[in-house]
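Structure at a glance
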Amino acid sequence: MSLNDLKTRIGSGLLSFPVTPFHADLTMDGKGLANHVEWLSQFDAAALFVAGGTGEFHSLAPSEVVEAVKIAKSVSGDMPIISGCGYGHRLAIDIAQAAEAAGADAILLLPHYLIFANQQGLFDHVKAVCDAVKIGVIVYNRDNAQLKADTLAKLCAACPNLIGFKDGSGDIHTVRHITCTLGDRLTYIGGMPTHELFAQAYNGAGVTTYSSAIYNFAPELALSFYAALRAGDNAKMEEILKGFFYPFAAVRDRSPGYAVSIIKAGLKLIGRDPGPVRPPLTNLTEEELEMFRPVINRYVLEHA
């Protein structure tokens, strides 16, 4: 797939981040990951991101990231597989190159570790990673790695394989400046936690696709909401927001880190248990699982 075809494919529909299943002893469950990616690949996503934020990239060894890519590629058919990438500068380059060798169609460059940096430093970091591979690169604006429109424009001029911009900052002003400045040079992806809660605002800023975490356990519901967004069906979106997403968010917001934990809980409640999260994340309590169960029963299991 050419870079331009990949960019078009990523922007053509809904995206998702498969969780990374773990055994009870917290070792990676490769068979579980294969089963999960194979199941998700049957639905109408545009691409899947393995070892991303929802896939607990922060807790994976670089070798596990590469293994996740190999596993996903072996079962995903023609579904594009995008690998998480990040940590420090040298590690990010190494992971990008290893993911490319493992068959990844692109990488998502997550924020670097710990430190803040100015725009020149961010430019140098992103350009070095782009230069290290031939596959597509998507940058992720959030936390300590937020590119401005002029910096991103310079990167687009310097890096032909920079194909996408994902935003999890919530800074709509900067997002709109970027989409207005760069037009169709990039594919724009929404990446706020539970992005469906922000999708209409981002859509107005020129971000027409996003990554859905709930796609992990409710792919049909996620696709239904996305279709309503594309059709401008506000009544349908409000129905799903009120019935599912706001109750979902109420449980998610009970503890830091639950944006990942609640996705694994959702899979457990539909009978596709991916195992625990790795520390420092914690699993939902039994009480919280029971709070979440009626929402799953009504909006996922009854429509399965």
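Going by the structure above, here's the rest.
Okay, so let's go over this structure. (Residues numbered from 1 in each chain as written. Predicted model: local features only at pLDDT ≥ 70, side-chain atom pairs only at ≥ 80, totals over all residues. Heavy atoms only, no water.)

**Describing the pattern of salt bridges**
Evaluation of the coordinates by the stated rule reveals 10 salt bridges. In this structure, the salt-bridge partner of arginine 90 is aspartate 94, at a minimum N-O distance of 2.8 Å. With a gap of 4 residues between them, arginine 90 and aspartate 94 both fall in helix H4 (residues 89-101), about one helical turn apart. Aspartate 94 sits in the partly exposed class, given a relative accessible area of 36%. Here lysine 127 and aspartate 131 are joined by a salt bridge, their closest N and O atoms 2.7 Å apart. (Salt bridge = Lys/Arg side-chain N within 4 Å of Asp/Glu carboxyl O. Helix = DSSP H or I, 4+ residues; strand = E, 2+ residues; numbered from the N terminus. Buried < 20%, exposed > 50% of the residue type's maximum accessible area, 1.4 Å probe, protein only.)

**Considerations on the packing of aromatic side chains**
Applying the stated criterion across every chain yields a total of 13 aromatic pairs. The interplanar angle of 20 degrees and the centroid separation of 4.5 Å between the aromatic rings of phenylalanine 57 and tyrosine 87 together place this pair among those described as stacked. Of this pair, phenylalanine 57 sits in the loop between strand S2 (47-50) and helix H3 (62-75) while tyrosine 87 sits in strand S3 (residues 81-87); the two residues are 30 residues apart in sequence, bridging distant segments of the chain. Looking at phenylalanine 57, the relative accessible area reads 5%, which means it is buried. Residue tyrosine 87 is classed as buried on the basis of its relative accessible area, which comes to 18%. Centroid distance tyrosine 210 to tyrosine 226: 5.8 Å. Interplanar angle 65 degrees. Geometry classified as edge-to-face. With tyrosine 210 in strand S8 (residues 209-210) and tyrosine 226 in helix H9 (residues 219-231), this residue pair connects regions lying 16 residues apart in the sequence. (Phe/Tyr/Trp six-rings, centres within 6.5 Å; stacked < 30°, edge-to-face > 60°.)

**Re the sheet that holds S3**
Each strand in a sheet pairs with its neighbour through backbone hydrogen bonds, running either in the same direction (parallel) or in the opposite one (antiparallel). Within the open sheet, the 8 strands sit side by side as S1-S2-S3-S4-S5-S6-S7-S8. Their pairing is parallel. Edge strands, defined here as strands with exactly one partner in the open sheet, are strand S1 (15-16) and S8. Looking at chain direction, S1 and S2 are connected through 2 bridges and run parallel. What sits directly across from serine 16, in S2, is leucine 48. (Pairing = 2+ DSSP bridges.)

**Observations concerning helix H1 (residues 3-10)**
All of the buried residues along H1 are Leu6, Lys7 and Ile10. Down the axis of H1, the buried side of the element spans an arc of 100 degrees, and every buried residue falls inside it. (Arc of directions from axis to C-beta.)

**So, unusual backbone geometry**
With an omega of 10 degrees, the peptide bond between proline 279 and proline 280 qualifies as cis. Mapping proline 280 onto the fold places it in the loop between helix H11 (258-269) and helix H12 (286-299). One non-glycine residue with positive phi stands out, namely glutamate 56, at about 60 degrees. Relative to the assigned elements, glutamate 56 resides in the loop between S2 and H3. For glutamate 56, a relative accessible area of 0% puts it in the buried group. One non-glycine residue, leucine 114, adopts positive backbone phi at about 70 degrees.

**A look at the environment of leucine 284**
Mapped onto the secondary structure, leucine 284 falls in the loop between H11 and H12. Sequence spacing of leucine 284 and isoleucine 262 is 22 residues, and the spatial spacing of their C-alpha atoms is 6.7 Å. Not counting the four nearest positions on each side in its chain, leucine 284 is found in contact with Val251, Tyr258, Ser261, Ile262, Ala265 and Leu289. (Contact = heavy atoms within 4.5 Å.)

**Some remarks on the pairing of strand S7 (residues 187-190)**
For a regular strand, the rule is simple: side chains alternate between the two faces of the sheet. Of the two faces of S7, the one lined by Thr187 and Ile189 and the one lined by Tyr188 and Gly190 are each fully buried. Handedness of the crossover joining strand S6 (residues 162-167) and S7 through helix H7 (residues 172-182): right-handed. Relative to S8, S7 runs parallel, the two sharing 2 bridges. Bridge assignment links glycine 190 to a residue of S8, and that residue is tyrosine 210. Traced from S7 through helix H8 (residues 199-204) to S8, the parallel crossover comes out right-handed. (Right-handed = clockwise from strand over helix to strand, strands pointing away.)

**Details of the nonpolar core**
Ile10, Leu152, Leu162, Ile214, Phe217 and Phe244 are the most contacted members of the largest nonpolar core, which totals 110 residues. The biggest single contributor to this core is helix H10 (residues 234-252), with 7 residues. For leucine 162, the contacting residues outside a window of four places in its chain are Cys130, Val137, Val139, Leu152, Leu155, Cys156, Arg185 and Leu186. (Core = buried A, V, L, I, M, F, W, Y, C linked by side-chain atoms within 4.5 Å.)

**Quick look at the packing of H4 against helix H5 (residues 119-132)**
Running from N to C, H4 and H5 point in directions that differ by 25 degrees, and their axes come no closer than 9 Å. Our classification of the angle between H4 and H5 gives roughly parallel. As for how H4 packs across H5, the hand of that crossing is right-handed. Taking contact as the criterion, the partners of His89, Ala92, Ile93, Ala96, Gln97 and Glu100 in H4 are, on H5, Asp124, His125, Ala128, Val129 and Ala132. (Axes fitted to C-alpha atoms, helices over the stretch in contact; angles between N-to-C directions. Parallel < 35°, antiparallel > 145°, perpendicular 65-115°, else oblique. Left-handed = near helix turned anticlockwise from the far one by under 90°.)

**Description of H9**
Along its 13 residues, H9 runs 18 Å from first to last C-alpha, staying within 8% of the 18 Å computed at 1.5 Å per residue. For H9, the complete set of buried residues consists of Pro219, Leu221, Ala222, Phe225, Tyr226, Ala228 and Leu229. Lining the buried residues of H9 we find helix H2 (30-40), H8, S8, H10 and H12. Trailing H9 by a residue or two, glycine 232 shows a phi angle of about 70 degrees, which is positive. (Expected span 1.5 Å × (residues − 1).)

In short, the description is geometric, and any link to function would need to be established separately.
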